[in-house]
Amino acid sequence: MWPPARSSALEPAETTYLRGRGRLFIRTMARMASLTHATHGELLAKAADGDQAAWSALVDRFSQMVWSIARGFRLDEATAKDVSQTVWLRLVENLHRIEDPERLPGWLATTARREALRVKGVRERMVPTDFVYDVADESPSLEAMLVEDEDAKEVVLAFRTLHEDCQQLLRLLTTDPPLSYEEIALIIDRPIGSLGPTRSRCLERLKAAMTSRISGGGSGSFHAGDDAQ
Amino acid sequence: MSESTQKGEDKTLSLLHRALDESDPVPTDVTDFARAAISWRTVDADLAQLSYDSSEESTPVGVRSLSVARMLSFETSAWAIDIEYNTASRLLMGQIEPSREVAVELHLAGGVVVTESDELGRFSFDGILPGPIALVFRPSDDEMIKTEWTLL
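Once a new chain begins, its residue numbering starts again from 1 and follows that chain's sequence as written. Throughout, the order in which chains and ligands are written sets their labels, letters from A for the former and numbers from 1 for the latter. Where totals are concerned, whole chains, interfaces and linings use all residues; where local detail is concerned, this predicted model gives features only for residues with pLDDT of at least 70, and gives and counts side-chain atom pairs only at 80 or more. Heavy atoms from the whole structure form the basis of all side-chain values; hydrogens and water molecules are not counted.

(A) The confidence of the model for chain A, seen in detail. Residues and elements named next belong to chain A. For chain A, per-residue confidence averages 78 on the pLDDT scale, and 68% of positions sit at 70 or higher. Scored from 0 to 100, pLDDT records how confident the predictor is in each individual residue. Working rule for contacts: check all heavy atoms of both residues, and any pair within 4.5 Å makes them a contact. This model gives residues 127-147 a pLDDT under 50, and the stretch forms 26 contacts once residues within four places in sequence are excluded. Confidence over residues 218-229 falls short of pLDDT 50; this stretch has 11 contacts with residues more than four positions distant or in other chains.

(B) Layout of helix α4 (residues 77-93) of chain A. By the criteria applied, helices consist of DSSP H or I runs no shorter than four residues and strands consist of E runs no shorter than two, each listed in order from the N terminus. Working rule for helices: expected span equals 1.5 Å times residues minus one. Here α4(A) spans 25 Å end to end across 17 residues, near enough to the 24 Å set by a 1.5 Å rise per residue. Relative accessibility decides the category of a residue: with a 1.4 Å probe and only protein chains considered, values under 20% of the type maximum give buried, values over 50% give exposed, and everything between is partly exposed. The buried fraction of α4(A) amounts to 14 of the 17 residues, a majority that puts the element mostly inside the structure.

(C) Spotlight on the side chain of Gln85(A). Here Gln85(A) shows up in helix α4. Relative accessible area serves as the criterion here: at 16%, Gln85(A) is assigned to the buried category. With sequence-adjacent residues up to four places away left out, Gln85(A) is seen in contact with Phe33(B), Ala109(B) and Pro132(B).

(D) Structural view of the pattern of salt bridges. Salt bridges are defined by distance alone: a side-chain nitrogen of Lys or Arg within 4 Å of a carboxyl oxygen of Asp or Glu. Counted according to the given criterion, the structure contains 20 salt bridges over all chains. Between Glu115(A) and Arg90(A) there is a salt bridge, and its shortest N-O distance comes to 3.2 Å. Of this pair, Glu115(A) sits in helix α5 (residues 104-126) while Arg90(A) sits in helix α4; the two residues are 25 residues apart in sequence, bridging distant segments of the chain. Taken as a pair, Glu115(A) and Arg90(A) share a single burial class, namely buried. Glu115(A) is the salt-bridge partner of Arg118(A), the closest N and O atoms lying 3.5 Å from each other. Here Glu115(A) and Arg118(A) lie together in helix α5, a separation of 3 residues that amounts to about one turn. Under the relative-accessibility criterion, Glu115(A) is labelled buried at 1%. The structure contains a network of salt bridges with shared partners spanning Arg90(A), Glu93(A), Glu115(A), Arg118(A), Asp53(B), Glu56(B), Arg70(B), Lys146(B) and Glu148(B).

(E) Layout of the nonpolar core. Within the largest apolar cluster, 70 residues are counted, with the highest numbers of intra-cluster contacts made by Trp55(A), Ile69(A), Leu91(A), Leu170(A) and Leu206(A). Where a domain begins and ends is set by an automatic assignment or by a domain database. Two domains share this core, each providing at least three of its residues, namely domain 1 (3-36) and domain 2 (39-151) of chain B. Dropping the residues within four chain positions of it, Ile69(A) is found in contact with Ala109(A), Ala112(A), Arg113(A), Leu172(A), Leu179(A) and Ile187(A). To qualify as a nonpolar core, a set must consist of buried Ala, Val, Leu, Ile, Met, Phe, Trp, Tyr and Cys residues joined through side-chain atoms within 4.5 Å. Counting 22 residues, the second largest nonpolar core, distinct from the first, contains Ala48(B), Leu50(B), Ile81(B) and Phe137(B).

Shown next as structure tokens:
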């Protein structure tokens with residue numbers, strides 16, 4: 001009978017395929033999936049033995065968080081890259097020394113904070129401070145070009161008009177995986193109890209800035225060049 | 001706080017989260033570098049910890065330091081390494097104590113450069129750009145000292 005009735009069983013040809021290359025592929029996929037769900041401790045232990053896949057899984061898990069912390073200190077892209085690199089190199093040399101693996105996010109956050117503050121001190125001392133901020137303030141137009149979604153663009157432009165303390169806190173509240181309030185309080189050196197109210201205030205300001213942008217307020221609070229004529 | 005205010009805030013925050021991820025994603029070269037960083041793993045190194053960093057000295061308010069040299073010290077229980085990095089001339093000079101003639105490796109994000117220290121333990125590297133560095137010394141076959149990665 002042709003064509004044969006489709007059952008849940010695989011066709012002979014497909015079965016052969018799975019016995020060959022496909023099986024390795026499936027095994028690799030299964031291994032990657034298991035690494036995605038592995039605990040920080042399991043990944044650290046494997047990476048400490050030089051396991052590349054486990055190490056890459058750690059990088060994938062935390063690279064956005066480390067990046068957001070560096071950018072939260074208003075470092076330009078090149079400096080934020082240097083800070084990220086340093087954090088990962090520091091983790092490599094401390095793989096055997098992380099005592100409480102479940103606190104790895106906190107360890108990475110503390111390391112990123114320390115390196116960001118240190119490099120900010122070193123590099124801003126070399127050039128007038130205003131110059132550094134001018135460079136940072138160029139970014140809205142660049143971001144505007146990169147962001148396709150209109151809403152997202154408006155949000156980022158409004159975000160850029162916020163005070164830098166607000167920008168930093170909101171950055172720290174939007175990491176993957178999320179940081180705990182305890183970790184955020186340590187990074188910005190503020191009492192933990194102040195975070196909730198500050199979060200509300202900053203989000204309120206963000207909303208106000210977005211509203212004012214959308215209604216074309218032109219209140220003058222935006223950086224020159226941000227407003228469409 | 002009312003439940004609806006809380007919901008409104010959460011919505012604004014998740015909108016911002018998505019917008020920042022779209023506009024400022026982790027650059028690909030950062031994740032590529034991070035994945036490759038495992039190759040810098042040195043299992044047997046005695047890690048020399050940063051014990052002094054001149055950049056952490058506070059500068060009086062209103063005074064802009066004219067100094068472009070940064071001094072750093074690293075220590076293990078048996079060794080001390082002092083380095084000075086001049087951000088203008090890109091010259092990195094250093095000294096290891098107890099002093100000896102030994103091969104000195106400078107690990108950089110982009111690779112490794114090697115020199116020798118003199119009998120006073122002094123060494124120098126030219127044309128070093130700002131970025132993460134680590135120094136590695138092998139004073140004997142079974143001994144390896146590495147300064148912790150530090151961002152210049």
